[in-house]
Structure formats: structure tokens, C-alpha cells
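A look at the structure
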Amino acid sequence: MATTPCIYIIEDEESISKLIQLYLTKEQIESKPFLNAEAALQELKEGHKPNLIILDLNLPGMSGFEFLEELQKQFSKDMPSVMILSARDTDEDIIKGLGYGADDFVTKPFSPGVLIARIKANLRRQSFFLEKMEATINFGPYSLLLGSCVLKKNGQKISLSTKEYEVLEFLVKNAGQVIAPEKIYQNVWKVEYGDITAVAVYIQRLRKKIEDNPLDCKYIKTDFGNGYIFSDEYMTKNC
């Protein structure tokens, strides 16, 4: 998972969007601009999740308020943090925006320095709460809880032996890489030499537990002659 924060900027005025991007780049924060809310929403539906969304309210097509409503409907349990950046500064607009799930409201015209300070404060709050939460790696309907060594599918615990969990964790943490059975054995069994056929046995056990069709795997694939690869296609993506 990426360690560099990523921010979506939904702003139809390119000059404002580019200004924000410039200041974010100076702070080593990645950003991705969108001229309309529909394009950003599509990215979110595809599994991309930014650390923060900067949202204008007066947008072509879907308005900022409509975007917030759609976020709540589709991502109610895991809604990204949203900071509204708008020229609309009435109490009614501010209350409405925060009521629709936004975390902050900044009015235009704005000071770039103050905006960046508010963004960094938001990211610090996220880091604080994430430290309080258990580290989790998600793929498809599954969640691998690293602190408690548990695998869940749609919130329901999947029974794994200690060694099954260790093999799965090693594969998931190295998703997208072809890993030789010898390397899996050395890292999981913690010995350099031994019966590496044990790796194939545990791979088969895991496939029976997490694959819809163990004969046509989409998570734990075999690269014949080289080893195994855990597909990163279904893992939660950042920007």
C-alpha cells in the first residue's frame, strides 16, 4: 500500500486546481484533478481510495452536494474524508455540507498556505485514528487483520491454521510478485532447508478456502516453473 498521501481535487476551474496541486507537490503529497464529480465517483467505484477529497460545490453536471449524497449511499461504511472548497459561504451551505458528511469547509477566496495547513491537519487526524485501528489488507470481499492474524470474508471469520495464515500473509504482503516455493518456505518456516513440498500443500489448502473455483484461481496464481503470485488486481487501490 502506498505511504504517500493522495488527494482528489474536484474543481472545474483549472487555474484553482493547478494552484492547489502545485502547493501539494511542494509538500510531497500526490494529487489527482477532476473537472467534474462524475469522473471522480467512477474512480472511487473502481476501488481507488484517496486520503482526502477537495470538493467544489458548483460543478457542471453533478453538484458537490449530489456527489456527497452519492458517497454516503455507496460508501457509507468507508467514506473518504471530504473538504469542501467553495465560494458559497452562507451558514446554510456550510451546515448542509457538513451534514452531508464533509469533514471541513473552506471558503473561496482562500489562502493556499492556510488551505495546505488544513489539509495537513486532516491527514494527521487520519494517521492518529489509523494508529488506533488494526492494520488491515483488503482484497475482494476479504480482510486480512494483521494484528490478530485473522482472515474475514464480508465480516465473517474464515478458519485458518497458524501456518495457513502465515503463508497467506506473506503472499499478500508481496502481492504482484512471483515468489519461488523456496523463498516462501524460508520466510514462513524460518529454515533454509527442508521439505518445500509443504508449500504446495498449504497453497492448495488456502485455495480451497478463498477461491471461488480452486481450479481457476483469481487470487493465488501459479507461474509454472517459477512459483506463486498473489494477484494485486482485487486489492484496495490508492490513487
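Keep in mind it's a predicted model, so treat the numbers as computed, not measured.

Considering the arrangement of structural elements, one finds D93 in helix α4 (residues 91-99). According to the relative accessible area criterion, D93 is buried, its value standing at 10%. Side-chain polar atoms of D93 contact the side chain of T90, separated by 3.0 Å. Setting aside residues no more than four positions away along its own chain, D93 makes contact with F65, R88 and F105.

By secondary structure assignment, the location of D104 is in strand β5 (residues 104-107). We classify D104 as buried; its relative accessible area is 15%. Among the polar contacts listed, one links the side chain of D104 to the side chain of R118, at a separation of 2.8 Å. Apart from residues lying up to four places away in sequence, D104 is in contact with V82, M83, I84, L98 and R118.

Attention now moves to the sheet that holds strand β3 (residues 52-55). With parallel pairing, the five strands of this open sheet are ordered in space as β2-β1-β3-β4-β5. Single-partner strands in this sheet number two, and they are β2 (30-34) and β5. Here the strands of the sheet are splayed against their neighbours by 20° on average, with no regard to which way each runs. Pairing analysis gives four bridges linking β3 to strand β4 (residues 81-86), with the strands arranged parallel. Across the sheet, I54 pairs through a bridge with M83, a residue of β4. Across the sheet, helix α1 (residues 14-26) is in contact with β1 (6-10), β2, β3 and β4; its angle to β1 comes to roughly 165°.

Regarding helix α2 (residues 37-45), the residues found buried are A37, A40, L41, E43 and L44. The buried residues of α2 all sit within an arc of 155° when viewed along its axis, so they share a single face. Residues of α2 that are buried sit in contact with β1, β2, β3 and α3 (64-74). In this structure N36 caps α2, since a side-chain oxygen of it lies 3.3 Å from the backbone nitrogen of E38. The first or second residue beyond α2 is G47, which carries a positive phi of 105°.

Before going further, it helps to spend a moment on the packing of helix α6 (residues 162-173) against helix α8 (residues 197-210). When two helices pack together, their arrangement is given by the angle between their axes and by how far apart the axes lie. Where α6 meets α8, the closest approach of the two axes is 10 Å, and the angle between their N-to-C directions is 85°. Classified by the angle between their axes, α6 and α8 sit roughly perpendicular to one another. Contacts between α6 and α8 involve K163, E164, V167, L168 and L171 from the former and Y202, I203, R205, L206, K209 and I210 from the latter. Of the residues belonging to the contact of α6 with α8, the class tally is seven nonpolar, no polar and four charged.

Here we come to the environment of L57. Along the polypeptide, L57 turns up in the loop between β3 and α3. Between the alpha carbons of L57 and A117 there is a distance of 21 Å; along the sequence they are 60 residues apart. Contact partners of L57, with chain neighbours within four places excluded, come to S63, G64, F65, I84, L85, S86, R88 and F105.

What follows covers the UniProt feature "modified residue: 4-aspartylphosphate" (unreviewed entry) in the chain. Within the UniProt annotation, "modified residue: 4-aspartylphosphate" (unreviewed entry) is assigned to D56. Relative to the helices and strands, D56 is located in the loop between β3 and α3.

Rules of the game
- Residues numbered from 1 in each chain as written.
- Predicted model: local features only at pLDDT ≥ 70, side-chain atom pairs only at ≥ 80, totals over all residues.
- Heavy atoms only, no water.
- Helix = DSSP H or I, 4+ residues; strand = E, 2+ residues; numbered from the N terminus.
- Buried < 20%, exposed > 50% of the residue type's maximum accessible area, 1.4 Å probe, protein only.
- Polar contact = N/O pair within 3.5 Å; in protein donor to acceptor, adjacent residues only side chain to side chain.
- Contact = heavy atoms within 4.5 Å.
- Pairing = 2+ DSSP bridges.
- Axes fitted to C-alpha atoms, helices over the stretch in contact; angles between N-to-C directions.
- Arc of directions from axis to C-beta.
- Parallel < 35°, antiparallel > 145°, perpendicular 65-115°, else oblique.
- Nonpolar A, V, L, I, M, F, W, Y, C, P; charged D, E, K, R; others polar.
- UniProt positions renumbered as here; feature names shortened; annotations may be inferred.

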